[in-house]
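# Chain and residue survey
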Amino acid sequence: MSGSPPDLISATHRWLGNSSAGDVPAAVLAGLRQASGEELETLLNVISANFDQLQAQPLSLRQLMQQCATQLIAITRADSPELATVAPEILVRLSQMMSEADAIAAAHCLQMLAVQHDEESIDALAAELVEHPPEQPQAVAIALSPLWQLEGSLLALFFDRLDAGFVHPATMAALIDLANYATRQGRITPHPFTDRAEELSRLLGNLTERLGSMEEDPKKFGSDVESIQRVLNESISLTVSLCDALGLMGASAAIDRLNRALALSHRRVQTEAAAALARLGDTGGREKIIALAEDRVARLRAVAYAEELGFLDAISEEYRLPTALAEAELAS
């Protein structure tokens, strides 16, 4: 236990082992906020070594891992260490242990891997996402959040490692969004999923067919409104990401499937499909973006895409005025 204050370890151990434990005790919080990287690593290692005996409550695990992640983020921002602050194998082990107790606690372990900008941690994170991916949207968002600040060479390593295995549907939309963002920012080139363009195009075709069926008969996809809405949201999220990705890749072979997505009634999907088509040089996509600017709900994205793609002046000035954009923001 050298390198970690005994009072922090003992206080944490007592709290986690209490079946009626409430919020993180003040003593534990104070200890964590003052912990060095070495002390934090020792604490996490002790927890993993004694995990089965602790029988900790899921909420306690979630709160503790959130506080540990917060402190690790503060340490890495202040020191910018080139090597891992917490050994990746400890975080991987904890994530796997906690995944059965609480998905969010496990996600914070992956978040700690992601915030350590060294090759070993990023490689371990990618391996975990392939082999043991989080399935809750909130858990996916937590685990991947630090990657949006990752520099280009480490992002390339991350996506190369991902490419070695199957990308789980639960993480697909978030990973494609990350790839789209990094490509648009010029931090990575070409688009990390370029070699899988045909696979993604087929997936877009399948999702477009599903969304078309949902428009005709939503009851096929669930017995209650909540179930149907969940399927709809997941399908739309991935469809939007795929449209943007295929456009950024320059995947001209996907034009037919993008046009099918454009024919759906959902305006967000229409906007993304139209922008991808316009990016690929399709005049129909450009014309649709111009038309969508008239729609208050779609206007903000339509105007933004027209500016990005270089034909902002083609949109009527009345839809580009600050008042029109403010109206669109309120409507959306």
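Below is a short write-up of the structure. (Residues numbered from 1 in each chain as written. Predicted model: local features only at pLDDT ≥ 70, side-chain atom pairs only at ≥ 80, totals over all residues. Heavy atoms only, no water.)

Turning our attention to the overall build of the protein chain. Helix and strand counts for the protein chain come out as 18 helices and zero strands. When its C-alpha atoms are laid out on the principal axes, the protein chain stretches across 65 × 45 × 45 Å. A buried classification covers 48% of the 332 residues belonging to the protein chain. Partitioning the contacts of the protein chain with sequence separation of at least 6, the portion at a separation of at least 24 is 70%. When the accessible surface of the protein chain is summed, it comes to about 16000 Å², and 48% of that surface belongs to carbon and sulfur atoms. Here the protein chain contributes 25 positive and 46 negative side-chain charges, whose respective centroids are spaced 7 Å apart. (Helix = DSSP H or I, 4+ residues; strand = E, 2+ residues; numbered from the N terminus. Buried < 20%, exposed > 50% of the residue type's maximum accessible area, 1.4 Å probe, protein only. Contact = heavy atoms within 4.5 Å. Areas by Shrake-Rupley, 256 points an atom, 1.4 Å probe, with all protein chains shown as cover. Lys, Arg positive; Asp, Glu negative; His and termini not counted. Charge placed at Lys NZ, Arg CZ, Asp CG, Glu CD.)

Turning next to the packing of aromatic side chains. In the structure shown here, the tally under the stated rule is three aromatic pairs. For the pair F159 and F193, a centre-to-centre distance of 5.7 Å together with 75° between the ring planes defines the contact as edge-to-face. With F159 in helix α10 (residues 152-162) and F193 in the loop between α11 (169-184) and α12 (197-216), the pair connects residues that are 34 residues apart, well separated along the chain. One aromatic cluster is present, built from ring pairs that chain together F158, F159 and F193. (Phe/Tyr/Trp six-rings, centres within 6.5 Å; stacked < 30°, edge-to-face > 60°.)

With that settled, consider the state of the cysteines. This structure, assessed with the given rule, holds zero disulfides. For the unlinked cysteine C68, the closest cysteine sulfur is that of C109, found at 8.4 Å. We classify C68 as buried; its relative accessible area is 0%. Owing to a relative accessible area of 0%, C109 belongs among the buried residues under this scheme. (Disulfide = S-S within 2.5 Å.)

Let us now look at the nonpolar core. Grouped together as the largest cluster of nonpolar side chains are 105 residues, with contacts concentrated most on L44, M65 and F158. With sequence-adjacent residues up to four places away left out, F158 is seen in contact with I122, L125, A126, L129, L147, L175 and L178. (Core = buried A, V, L, I, M, F, W, Y, C linked by side-chain atoms within 4.5 Å.)

Running from amino to carboxyl end, α10 crosses α11 at an angle of 145°, the nearest separation of the two axes being 12 Å. Remark: the crossing between α10 and α11 carries left-handed chirality. Between α10, through L155, F158, F159 and L162, and α11, the contact on the second element is made entirely by L175, L178, A179 and A182. Classifying every residue of the contact of α10 with α11 gives eight nonpolar, no polar and no charged. (Axes fitted to C-alpha atoms, helices over the stretch in contact; angles between N-to-C directions. Left-handed = near helix turned anticlockwise from the far one by under 90°. Nonpolar A, V, L, I, M, F, W, Y, C, P; charged D, E, K, R; others polar.)

A few words on the pattern of salt bridges. Applying the stated criterion to the full structure yields 14 salt bridges. Put simply, R301 and E272 hold a salt bridge, and the shortest N to O gap is 3.8 Å. With R301 in helix α17 (residues 299-308) and E272 in helix α15 (residues 267-279), this pair connects stretches of sequence that are 29 residues apart. On the accessibility criterion, R301 (40% relative accessible area) is partly exposed. Owing to a relative accessible area of 2%, E272 belongs among the buried residues under this scheme. Within the structure, one salt-bridge network assembled from shared partners comprises R184, D244, R279 and E308. (Salt bridge = Lys/Arg side-chain N within 4 Å of Asp/Glu carboxyl O.)

Turning next to the packing of helix α7 (residues 103-115) against helix α8 (residues 119-131). Running from amino to carboxyl end, α7 crosses α8 at an angle of 145°, the nearest separation of the two axes being 7 Å. Like other packed secondary-structure pairs, α7 and α8 cross with a definite hand, here left-handed. Counting all contacts with α7, which are made through L110, L113 and A114, the residues of α8 involved are S121, I122, A124, L125, E128 and L129. Counted by class, the contact of α7 with α8 contains seven nonpolar, one polar and one charged residues.

Along an α-helix, a turn takes 3.6 residues, which lines up residues three or four apart on a common side. All buried positions along helix α14 (residues 255-262) are accounted for by L258, A261 and L262. The buried residues of α14 occupy one face: seen down the axis, they fall within an arc of 105°. Buried residues along α14 sit against α12, α13 (225-249), α15 and α16 (283-292). (Arc of directions from axis to C-beta.)

Moving on to helix α3 (residues 37-49). In a regular helix each residue adds 1.5 Å, so 13 residues correspond to 18 Å; α3 covers 18 Å between its end C-alpha atoms and thus fits that length. Here α3 has its buried residues at G37, L40, T42, L43, L44, V46, I47 and S48. (Expected span 1.5 Å × (residues − 1).)

Turning our attention to the environment of Q34. Inspection of the secondary structure puts Q34 in helix α2 (residues 26-34). When its relative accessible area of 67% is taken as the criterion, Q34 is described as exposed. Ignoring sequence-local partners within four residues, the contact set of Q34 consists of E39 and Q71.

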